[in-house]
Amino acid sequence: LQQQRQLDKAIELYRQAICLKPDFSVALLNLGNALADMGNIGAATECFKQALTIDPTSATAHFNCGNIHLNQGRLEDAIACYRKTIELEPDHASATTRLMHLLQRLCQWEGLATLTSRVIELFEKNTEPASPFPLLAIETSMEQRFRFTKNYARQAFGNTTDPDINTNFRFACG
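Residues numbered from 1 in each chain as written. Predicted model: local features only at pLDDT ≥ 70, side-chain atom pairs only at ≥ 80, totals over all residues. Heavy atoms only, no water.

K.L.:
Please clarify how the packing of aromatic side chains should be interpreted in this entry.
P.N.:
In this description, an aromatic ring pair is defined by two values, namely the gap between the centres and the angle between the planes. Using the criterion set out here, one finds 1 aromatic pair in the structure. Arranged with centres 5.7 Å apart and planes meeting at 45°, the rings of F63 and Y82 form a pair that is tilted. Within this pair, whereas F63 is found in helix α4 (residues 59-71), its partner Y82 is found in helix α5 (residues 75-88), the two being separated by 19 residues in sequence. Take F63: its relative accessible area is 11%, and that puts it in the buried class. Y82 gets classed as buried once you look at its relative accessible area, which sits at 0%. (Phe/Tyr/Trp six-rings, centres within 6.5 Å; stacked < 30°, edge-to-face > 60°. Helix = DSSP H or I, 4+ residues; strand = E, 2+ residues; numbered from the N terminus. Buried < 20%, exposed > 50% of the residue type's maximum accessible area, 1.4 Å probe, protein only.)

K.L.:
Looking at this structure, how should I read the side chain of H92?
P.N.:
Locating H92 in the fold gives a position in the loop between α5 and α6 (93-105). You can call H92 buried: its relative accessible area is 7%. Within the local environment of H92, its side chain forms a polar contact with the backbone nitrogen of A95, the two atoms lying 3.1 Å apart. (Polar contact = N/O pair within 3.5 Å; in protein donor to acceptor, adjacent residues only side chain to side chain.)

K.L.:
What is the right way to look at the layout of surface pockets in this model?
P.N.:
Where empty space is left becomes clear once a probe the size of a water molecule has been rolled over the atoms. The calculated volume of the largest pocket comes to roughly 540 Å³. In this structure, the largest pocket is lined by 14 residues; those nearest its centre are N33, D37, F63, N64 and N67. Contributions of two or more residues to the lining of the largest pocket are made by α2 (25-37), α3 (41-54) and α4. With 6 residues, α4 is the largest single contributor of residues to the lining of the largest pocket. Looking at the lining of the largest pocket residue by residue, the classes come out as 5 nonpolar, 7 polar and 2 charged. (1 Å grid on protein atoms, 1.4 Å probe; cavity = no way out; pocket = protein on both sides within 12 Å on 5 of 7 lines; lining within 4 Å. Points joined across faces, edges and corners; volume = space filled by probe spheres on them. Nonpolar A, V, L, I, M, F, W, Y, C, P; charged D, E, K, R; others polar.)

K.L.:
Sorry if this is basic, but what is going on with the side chain of S25 here?
P.N.:
Within the fold, S25 resides in helix α2. Given the relative accessible area of 16%, S25 is considered buried. The residues touching S25, leaving out its near neighbours within four places in the chain, are A51, I54 and D55. (Contact = heavy atoms within 4.5 Å.)

K.L.:
Please explain the packing of α5 against α6 as it appears in this structure.
P.N.:
Relative orientation and spacing of two packed helices are given, respectively, by the angle between their axes and the distance between those axes. Contact geometry of α5 with α6 gives a least axis separation of 9 Å together with a crossing angle of 145°. Of the two possible hands of crossing, α5 and α6 adopt the one that is left-handed. Within the contact between the two elements, α5 uses L75, A78, I79, Y82, R83, T85 and I86 and α6 uses A95, T96, R98, L99, L102, L103 and R105. Taken together, the residues that form the contact of α5 with α6 break down as 9 nonpolar, 2 polar and 3 charged. (Axes fitted to C-alpha atoms, helices over the stretch in contact; angles between N-to-C directions. Left-handed = near helix turned anticlockwise from the far one by under 90°.)

K.L.:
What is the right way to look at the packing of helix α1 (residues 7-20) against α2 in this model?
P.N.:
The geometry of α1 relative to α2 is characterised by a closest axis approach of 9 Å and an angle of 155° between their N-to-C directions. Here α1 lies roughly antiparallel to α2, going by the angle between them. Helix-helix and strand crossings are classified by hand; for α1 and α2 the assignment is left-handed. On α2, the residues that touch L7, I11, Y14, R15, A17 and I18 of α1 are A27, L28, N30, L31, A34, L35 and D37. Among the residues forming the contact of α1 with α2, the class breakdown is 10 nonpolar, 1 polar and 2 charged. (Parallel < 35°, antiparallel > 145°, perpendicular 65-115°, else oblique.)

Here it is, written out as structure tokens:
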């Protein structure tokens, strides 16, 4: 339902699931995401914190908290959450990419070269559909950018054989 943008119904069902099983951390995370999508950031934050109380080793909960902090401009808190996410799930490409981008924004250069290499490695492994746009700030070949962007689009929007899309990717990436 959430993917179909039926957020009100999804929220209702997540709340029912949590009533039946109050320690259902995945339902709390999904409820938090749906609430955030609806713009209810305070309630979403509470869901993520509650999920962390139930499972402090949830990389997803730490990542979601990092995203909330990032959107609120609390960059140091976001960095801490992304670091914890990576500690718990080293192949989390989105957290690694966002951490790299934040460190660049804040001119925190220590360890950035290693982190940048790790981002490229994760994109080469194609572990998840992390946004390729921060890669524009690092040295990668045009072929790598094309491949990373195409993989992201394929994972995020479905596998397509549309020749116009493939042509547009090639044009956009050189």
